[in-house]
Amino acid sequence: MPDVIVIGGGPAGSTAATLLARKGFSVTLLEREKFPRFQIGESLLPYNNDLLARLGVEEQLLAGDYFPKYGAEFVTADGSLTTRFRFDQTLDDPYRRSFQVTRAQFDHLLLRNAAASGVEVREETSVAAVVLDDGKRAVIKTSEGEMIEAKFVVDASGHGAVVGNRVGEKSDIASLKKVAFFAHYRNVERVEGRDGGNTLIVVLRNAWFWMIPITAELMSVGLVVDRDHARNCGLTPEQLLERTIAGTPYVRGRMTRAERTTQVYARRDFSYFMQRMAGPNYALVGDAAGFIDPIFSTGVFMAMKSADLAADAVEQHLRGGGMGLLRRYEKRMRRALGKYHRFIENFYRREFLEVFMQPKPDFGLVRAIVGVLAGDVFAERGHRAKLALFFALVRWQRLFGNIAPPIRWEELPGAATM
């Protein structure tokens with residue numbers, strides 16, 4: 001019987017399994033697919049660098065085919081307003097750059113690293129059921145009918161949330177019911193120099209694009225729209241993506257020579273969090289614990305950081321029996337997700353964008369904003385006063401409109417429809 005079973009071999013599962021194995025526990029990881037496999041969410045954040053180094057993969061990222069990322073850029077759909085937030089000019093070492101990655105390659109690297117750390121990795125093994133009735137053990141039933149017992153189970157199964165959907169008390173975020181349509185393209189125009197590796201967010205009237213350079217050849221391009229628009233626009237996913245590209249001047253200008261290299265994928269209803277993230281024989285990490293919209297590229301960072309925190313909590317629990325660190329893990333995750341929720345929910349409001357895309361350099365607000373964009377959301381009191389001031393300016397902009405020039409919102413193009 002292994003000490004821990006980890007369900008899911010993505011960044012959260014591989015990280016949790018690796019760290020627990022290095023702490024001396026026997027760990028079995030069950031992954032339903034065969035790696036490498038296609039996945040979305042290609043942008044990492046600088047505050048993940050410490051963990052990448054600790055896992056022993058940072059040097060491989062530096063030496064491999066991974067694109068350096070020095071900041072993030074936001075632009076209106078007509079190209080009239082552009083704002084760049086630069087990690088390399090704002091943050092201290094080692095947070096001045098991150099990476100854009102091809103997830104198939106990156107996830108496979110982390111999974112191989114887990115196996116090299118002593119984890120028993122079993123790919124193409126689906127979990128059919130999890131029994132948690134006995135608080136001192138977990139019983140996993142695979143789709144092949146095999147029963148596996150362990151002292152503890154870590155649910156890193158992503159949006160499927162094998163354990164979380166049963167015990168986590170899932171709460172959907174009604175205000176962020178979005179759908180993403182995305183694909184990979186070659187021959188997308190890039191700016192020269194370091195800014196060519198930035199994540200680019202293009203703001204439409206009722207939607208937004210991401211443009212993420214993942215290799216020297218490929219760009220990940222995705223469109224995020226309201227769920228109701230996706231249901232009622234009368235277009236297929238491919239039509240919606242391609243027609244909105246054609247109808248968005250800034251994106252169209254960057255993609256005049258672009259060639260799509262993959263099918264158009266869709267991901268639906270992806271903003272939620274679990275009320276319960278840990279118990280006496282389980283912990284939820286990564287997307288299984290919660291996911292708050294992809295606009296700030298938080299997915300991989302939150303997956304790996306949650307796995308890091310959970311591994312310490314599981315160690316304390318298995319060695320001493322206490323729930324203290326597991327409860328603190330839940331609290332820290334809720335706080336971090338809450339910070340992103342506040343930023344992202346406000347991002348869809350005009351007054352927020354007007355202040356956010358035209359930030360005042362006074363009072364250190366830019367550094368606080370860049371800190372959030374870089375992943376500095378787990379510090380107990382980090383940037384609290386600065387962020388409170390920032391949101392006070394947003395409220396003032398809504399009431400009086402004299403903090404930043406207005407964006408001509410009604411003149412921006414929207415997502416395509418029939």
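Below is a summary of the structure that appears in this document. Just so we're clear, the structure is a prediction, and the values are computed from it rather than from any experiment. (Residues numbered from 1 in each chain as written. Predicted model: local features only at pLDDT ≥ 70, side-chain atom pairs only at ≥ 80, totals over all residues. Heavy atoms only, no water.)

Thoughts on the nonpolar core
Note the threshold: In plain words, nonpolar cores are sets of buried Ala, Val, Leu, Ile, Met, Phe, Trp, Tyr and Cys residues tied together by side-chain atoms within 4.5 Å. Burial classes follow relative accessibility: with a 1.4 Å probe on protein chains only, a residue under 20% of its type's maximum area counts as buried, one over 50% as exposed, and anything between as partly exposed. Here a residue-residue contact requires only that any non-hydrogen atoms of the pair lie within 4.5 Å.
The biggest cluster of nonpolar side chains holds 121 residues, and the ones touching the most others in it are Phe 74, Phe 106, Phe 296, Phe 347, Phe 356 and Phe 390. Excluding residues that lie within four positions of it along the chain, Phe 347 makes contacts with Phe 74, Ile 201, Val 203, Ile 295, Phe 296, Phe 352, Leu 353 and Phe 356. Counting residues in hydrophobic clusters, the runner-up holds 29 residues, among them Val 188, Leu 204, Leu 240 and Tyr 250.

Considering empty space enclosed by the protein
Quick reminder of the rule: Think of a 1 Å grid over just the protein atoms. A cavity is a set of points where a 1.4 Å probe fits yet cannot get out, a pocket is an open set with protein on both sides within 12 Å along at least five of seven lines, and lining residues have an atom within 4 Å of a point. Grid points are joined across faces, edges and corners, and a volume is the space filled by probe spheres set on the points. Labels follow the DSSP assignment, with helices taken as runs of H or I lasting at least four residues and strands as runs of E lasting at least two, numbered in each case from the N terminus. Residues are grouped as follows: Ala, Val, Leu, Ile, Met, Phe, Trp, Tyr, Cys and Pro are nonpolar; Asp, Glu, Lys and Arg are charged; all remaining types, including Gly, are polar.
In total, this model carries four cavities of 30 Å³ or more according to the counting rule given. Within this model, the largest cavity holds a volume of roughly 90 Å³. As for the largest cavity, its lining consists of Glu 73, Val 191, Asp 195, Gly 196, Asn 198, Thr 199, Leu 200, Met 211, Pro 213, Met 219 and Arg 254. Secondary structure elements with two or more residues in the lining of the largest cavity: strand S14 (199-203) and strand S15 (207-213). Looking at the lining of the largest cavity residue by residue, the class counts come to five nonpolar, three polar and three charged. The calculated volume of the second largest cavity comes to roughly 70 Å³. Leu 45, Lys 69, Ala 72, Phe 74, Phe 87, Thr 199, Ile 201, Ile 295, Phe 296, Ser 297 and Leu 373 are the residues that line the second largest cavity. Of all the secondary-structure elements, those providing two or more residues to the lining of the second largest cavity are strand S4 (71-76) and S14. Each residue belonging to the lining of the second largest cavity can be placed in one class, and the counts come to eight nonpolar, two polar and one charged.

Re the sheet that holds strand S12 (residues 170-172)
Sheet strands line up and pair through hydrogen bonds in the backbone, either parallel or antiparallel. The condition that has to hold: Two strands are said to pair when DSSP picks up at least two bridges between them.
Pairing is antiparallel across the open sheet formed by three strands, whose spatial order is S12-S19-S22. Across the chains shown, the open sheet's two edge strands, defined by having one partner strand only, are S12 and strand S22 (290-291).

A word on unusual backbone geometry
The linkage connecting Phe 35 with the following residue, Pro 36, adopts the cis geometry, with an omega of -5°. Inspection of the secondary structure assignment puts Pro 36 in the loop between strand S2 (27-30) and helix H2 (49-55). In this model, Asp 93 is joined to Pro 94 through a cis peptide bond whose omega is 5°. With respect to the element layout, Pro 94 can be found in the loop between helix H4 (87-90) and strand S6 (98-100). Unusually for a residue other than glycine, Glu 124 sits at a positive phi of about 50°. With a relative accessible area of 59%, Glu 124 lands in the exposed category. One non-glycine residue with positive phi stands out, namely Asp 293, at about 55°.

Observations concerning the pattern of salt bridges
This is how the line gets drawn: Whenever Lys or Arg places a side-chain nitrogen within 4 Å of a carboxyl oxygen from Asp or Glu, that contact is recorded as a salt bridge.
Per the counting criterion, the structure on display carries 28 salt bridges. Between Asp 195 and Arg 86 there is a salt bridge, with the nearest N and O atoms lying 2.6 Å from each other. Here the residue Asp 195 occupies a position in the loop between strand S13 (178-186) and S14, and Arg 86 occupies one in strand S5 (residues 82-86), the gap between them amounting to 109 residues. Take Arg 86: its relative accessible area is 24%, and that puts it in the partly exposed class.

Comments concerning helix H8 (residues 237-246)
We apply this condition: Here the arc refers to the set of directions running from the helix axis out to each C-beta atom.
Taken as a whole, H8 has its buried residues at Leu 240, Leu 241, Thr 244 and Ile 245. Angular distribution of buried residues about the axis of H8 spans 125°; they occupy a single face of the element. The elements touched by buried residues of H8 are S13, S15, strand S16 (218-226), helix H7 (227-232) and helix H9 (249-254).

Notes on the pairing of strand S9 (residues 138-142)
Counting buried positions over the five residues of S9 gives four, a clear majority of the element. When strand S8 (residues 127-131) meets S9, the two strands line up antiparallel, connected through four bridges. Residue Val 131 lies in a different strand from S9, and its bridge partner there is Val 139. As consecutive antiparallel partners, S8 and S9 are separated by six residues. Sheet topology places S9 next to strand S10 (residues 147-150); four bridges connect them, and they run antiparallel. Across the sheet, residue Ile 140 finds its bridge partner in S10, namely Ile 148. Connecting S9 to the next strand, S10, in antiparallel fashion are four residues, including Gly 145 with a positive phi near 95°.

Topic: the pairing of S2
As a reminder of what qualifies: Seen with its strands pointing away from the viewer, a crossover is right-handed when the path leading from the first strand over the helix to the second is clockwise.
What you see with S2 is no split at all: Val 27 and Leu 29 on one side and Thr 28 and Leu 30 on the other are buried throughout. One ladder, built from four bridges, connects strand S1 (residues 4-7) with S2; its direction is parallel. Along S2, the bridge assignment pairs Ile 7 with Leu 30. Traced from S1 through helix H1 (residues 11-22) to S2, the parallel crossover comes out right-handed. Pairing between S2 and strand S7 (residues 120-122): three bridges, direction parallel.

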